Amino acid sequence: MSRWHDVARATGLLGPDGTVAATIFAEMTALANHTGAVNLGQGFPDVEGPDHVKDAAVAALREGPNQYAPGAGVPELCEAVAAHQKRHYGLAVDPTSEVLVTVGATEAIAASILALAGPGDEVLTLEPFYDSYAATIALTGATHRTVALRPSEAGFHLDPGDVAAAFTERTRVLLLNSPHNPTGTVLSREELTLLAEQAIAHDVTVVTDEVYEHLTYGAEHVPVATLPGMAERTLTISSAGKTLSFTGWKVGWLHGPAELVTAVRTVKQFLTYVGPGALQKAVAHALADDDGRTAAYVSDLRDSLRERRDFLLGALRDVGFAPFVPEGTYFLVADAAPLGFDDAVALCREMPERAGVVAIPITAFCTAGSELSRTLRSWVRFTYVKSPAVLERAAAGLQRLRG
């Protein structure tokens, strides 16, 4: 049996019989399909993205070429990413050597970690963490360490002592996600500075997942690369999936120092090689936004998500949950303990039949058996990136959890 199989079993990627391990996400989706429940577990919109971007994709398909795109990405998109970072954050990015287009942010993350870490190294993430992080780290053979986002009345925040203790001489990469899935936290400039100071002190490369960068509700999104001393050690990742509601297009990108981008591209070329050129050109058109239609779309989307967030928060409070108000993303988390449920896994398995709603227990985003997983044992993640009619149906079903 290979070392990979040993690692995969130890980290839960494979079941004891050697088959692909079932995840709570697959289980909840199957329950939604079986029961007809409203699926507030999976975070994808139930409406299409803007027509002007789809029209640009159709035009690019008709005009061609429809052969392999350049390895780094179509020049128009590389240039649009660089211009976007300059316009929004004041970052100077060379589109010819410091940008790489990927098949979604997930590939950008995987290629980055595979390029930068290996056996004997440690990769640090926040906890809770998006589930693909642990899987990717396991594939490298590196050790996954975490620093807790701890719940309080003021939301989820980092403790300075936890941050200092999390970095070691073996830490090679900090994989950082803000705005944060699953909690909806937007890390403050002060919290990011704590992490940046430790990254510099320990000579750590930072890989940032910023796919929800434009979906915040009053909180300031601060790219780590804008902090002093961080541009030269940071790979910044984003995508069109969340900002433009085209999750199925899988157009992502990263930028950073040329030598780091080259290292990631060396891995990426043996993963998907390249993504669809026509979709890249359409996303380039959206990012360039010469006529302002993309900015208007994103502004409207953000306002709509805020309204839907507030509706679901009210529905959950009315039933008896204790939800945290998210500052970004399109997820919120809620404690079911005040409702009488101390085991969110059991609750999530019960809700499809009892309430006609599917959600995800927060422990699915934690290290099994960790202190934080015990603290968050009764917490549930819901998405509100669904139509108002779907959320109203969910709210009516959740009423059946009373008592």
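Residues numbered from 1 in each chain as written. Predicted model: local features only at pLDDT ≥ 70, side-chain atom pairs only at ≥ 80, totals over all residues. Heavy atoms only, no water.

As annotated in an unreviewed UniProt entry, the protein carries the name Aminotransferase class I/II-fold pyridoxal phosphate-dependent enzyme and comes from Georgenia alba. Note on the protein: under the UniProt heading Cofactor (unreviewed entry), the record states "pyridoxal 5'-phosphate". (UniProt positions renumbered as here; feature names shortened; annotations may be inferred.)

Peer 1: What is the right way to read the sheet that holds strand E8 (residues 205–209) from this model?
Peer 2: Think of a sheet as strands paired side by side through backbone hydrogen bonds, with each pair either parallel or antiparallel. With mixed pairing, seven strands are arranged side by side in an open sheet as E2-E10-E9-E8-E7-E3-E4. The open sheet is flanked by strand E2 (99–102) and strand E4 (143–148), the only strands paired with a single partner. Each strand axis lies, on average, 20 degrees off the axis of its neighbour in the sheet, ignoring direction. As judged from the four bridges shared by strand E3 (residues 122–127) and strand E7 (residues 171–177), these two strands associate in the parallel manner. Its bridge partner lying in E7, Thr125 is registered against Leu175. Each of E2, strand E9 (234–239) and strand E10 (252–255) touches helix H4 (residues 75–89); the most contacted strand, E2, lies at about 115 degrees to it. (Pairing = 2+ DSSP bridges. Helix = DSSP H or I, 4+ residues; strand = E, 2+ residues; numbered from the N terminus. Axes fitted to C-alpha atoms, helices over the stretch in contact; angles between N-to-C directions. Contact = heavy atoms within 4.5 Å.)

Peer 1: Would you mind going over the packing of aromatic side chains with me for this structure?
Peer 2: The description of an aromatic ring pair rests on the distance of the ring centres and on the angle between the ring planes. If you walk through the whole model with that rule in mind, you get nine aromatic pairs. Seen from their ring centres, Tyr130 and Tyr133 are 5.9 Å apart, and the 75 degrees between their planes marks the pair as edge-to-face. Seen from their ring centres, Tyr212 and Phe331 are 6.3 Å apart, and the 80 degrees between their planes marks the pair as edge-to-face. Of the two residues, Tyr212 is situated in the loop between E8 and E9 and Phe331 in strand E12 (residues 331–335); the sequence distance between them amounts to 119 residues. Exposure class is identical for Tyr212 and Phe331. Each is buried. The lysine or arginine in question, Lys386, covers the ring of Phe44, its NZ or CZ lying 3.7 Å from the ring centre. (Phe/Tyr/Trp six-rings, centres within 6.5 Å; stacked < 30°, edge-to-face > 60°. Buried < 20%, exposed > 50% of the residue type's maximum accessible area, 1.4 Å probe, protein only. Lys NZ or Arg CZ within 6 Å of the ring centre and 35° of its normal.)

Peer 1: How should helix H6 (residues 131–140) be read in this particular structure?
Peer 2: Think of an α-helix as turning once every 3.6 residues; residues three or four places apart then point the same way. Among the residues of H6, Ser132, Tyr133, Thr136, Ile137, Ala138 and Thr140 are the ones counted as buried. Remark: Gly141 follows H6 within two positions and exhibits a positive phi of approximately 85 degrees.

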